[in-house]
Amino acid sequence: MKRTTIRTRREVQHFVADNRRLFPFVILFLVGVAVGVGAYLTAADQLPAALTALSPVGEGALGWLRGWGEACFSTVVLLGVLFLLGLWACGIPFILLVPLFHGVGLGLTEASYYRMGMSGVAVVATVVMPIGLLSGGVLIAACAESVQLSASLSRRLLSHGEGEGLYGRFRLYSLRFLLFLGVAMVVALIEVLLRRLVLS
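Residues numbered from 1 in each chain as written. Predicted model: local features only at pLDDT ≥ 70, side-chain atom pairs only at ≥ 80, totals over all residues. Heavy atoms only, no water.

Draft legend 1. Structural context of the packing of aromatic side chains. Across all of its chains, the model carries six aromatic pairs by this definition. Aromatic side chains F83 and Y173 sit 5.2 Å apart centroid to centroid with 25 degrees between the ring planes, which places their arrangement in the stacked category. Taken together, the residues span a long stretch of sequence, with F83 in helix 4 (residues 60–86) and Y173 in helix 8 (residues 166–199) at a distance of 90 residues. (Phe/Tyr/Trp six-rings, centres within 6.5 Å; stacked < 30°, edge-to-face > 60°. Helix = DSSP H or I, 4+ residues; strand = E, 2+ residues; numbered from the N terminus.)

Draft legend 2. How the structure looks around the environment of Q148. In this fold, Q148 is placed in helix 7 (residues 118–158). Of the residues examined, Q148 reaches a relative accessible area of 35% and is grouped as partly exposed. Taking the C-alpha atoms as reference points, Q148 and Y173, 25 residues apart in sequence, are found 9.7 Å from one another. Among all residues touching Q148, those that are not within four sequence positions of it are R21 and R169. (Buried < 20%, exposed > 50% of the residue type's maximum accessible area, 1.4 Å probe, protein only. Contact = heavy atoms within 4.5 Å.)

Draft legend 3. Broad picture of helix 2 (residues 23–43). In this model helix 2 runs 30 Å from its N-terminal to its C-terminal C-alpha over 21 residues, within 8% of the 30 Å that 1.5 Å per residue would give. Of the residues making up helix 2, those classed as buried are F25, F29, G32, V33, G36 and Y40. Each buried residue of helix 2 sits inside an arc of 100 degrees when the element is viewed along its axis, so together they form one side. Opposite the buried face of helix 2, by more than 90 degrees, sit the exposed residues I27, L30, A34, L41 and T42. (Expected span 1.5 Å × (residues − 1). Arc of directions from axis to C-beta.)

Draft legend 4. Geometry of a nonpolar patch on the surface. On the surface, a cluster of nonpolar side chains totalling about 250 Å² of accessible area is made up of I27, V31 and V35. Structurally, V35 can be placed in helix 2. (Patch = residues over 30% accessible without salt bridge, like charges linked within 9 Å, V, L, I, M, F, W, Y side chains within 5 Å. Areas by Shrake-Rupley, 256 points an atom, 1.4 Å probe, with all protein chains shown as cover. Salt bridge = Lys/Arg side-chain N within 4 Å of Asp/Glu carboxyl O.)

Draft legend 5. Expanded view of the side chain of H102. Looking at where H102 falls in the secondary structure, it is placed in helix 6 (residues 97–114). Residue classification places H102 among the buried residues on the basis of a relative accessible area of 13%. Among all residues touching H102, those that are not within four sequence positions of it are F29, L78, G132, S135, G136 and L139.

Draft legend 6. A look at helix 7. End to end, helix 7 covers 56 Å across 41 residues, agreeing with the expected 60 Å (1.5 Å per residue, within 8%). In the structure, helix 7 departs most strongly from a straight axis at V124, where the bend amounts to approximately 45 degrees. (Bend = angle between axes of the 7 residues up to and from the residue.)

Draft legend 7. Representation of the confidence of the model for the protein. Taken as a whole, the protein shows an average pLDDT of 83; of its residues, 78% reach a score of 70 or greater. Within the protein, no element has a lower average pLDDT than helix 3 (residues 49–52), which sits at 52, and none a higher one than helix 5 (residues 92–95), at 95. (pLDDT = per-residue confidence, 0-100.)

Given below as structure tokens:
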């Protein structure tokens, strides 16, 4: 029993050490969710319904394509913003706003459906929360990559370093963002399927 406890503790310590650069973004994301919920509770009557409601997926291939585009739009835009901010030596303060912004949107949507009662809770449990966490995970990983490159560029500028090795770093950075983009599109497809099942 004691050996199992020690092994579990070591595994947790290794996990924390390997992923510590993600934790600040996770915290900002959760703060954003809390802010979004609070904002909805205090100003629900002033918020347009289209801002927080999920639209059902239309019929036919065009309806599915439109739903998929709506599902992946915000995440793809934020990934593009993060990609560009990572190429800017002063981008870190703005990168930190992205998980906060995404969390606010998720919090607003959650709160609006909770207000509907049990039917809204079901939508949150089956669509809003799973997709919000998946897309949030993609953005958090992208934030960590963006901060890492931005900090590296900043250090090079401050130390008057040369651009050696930057091409390889940029290539790896671009490949990782292509991976994030692919995952975001798959998450959007899952969202469309869930919306079709739950909201139709």
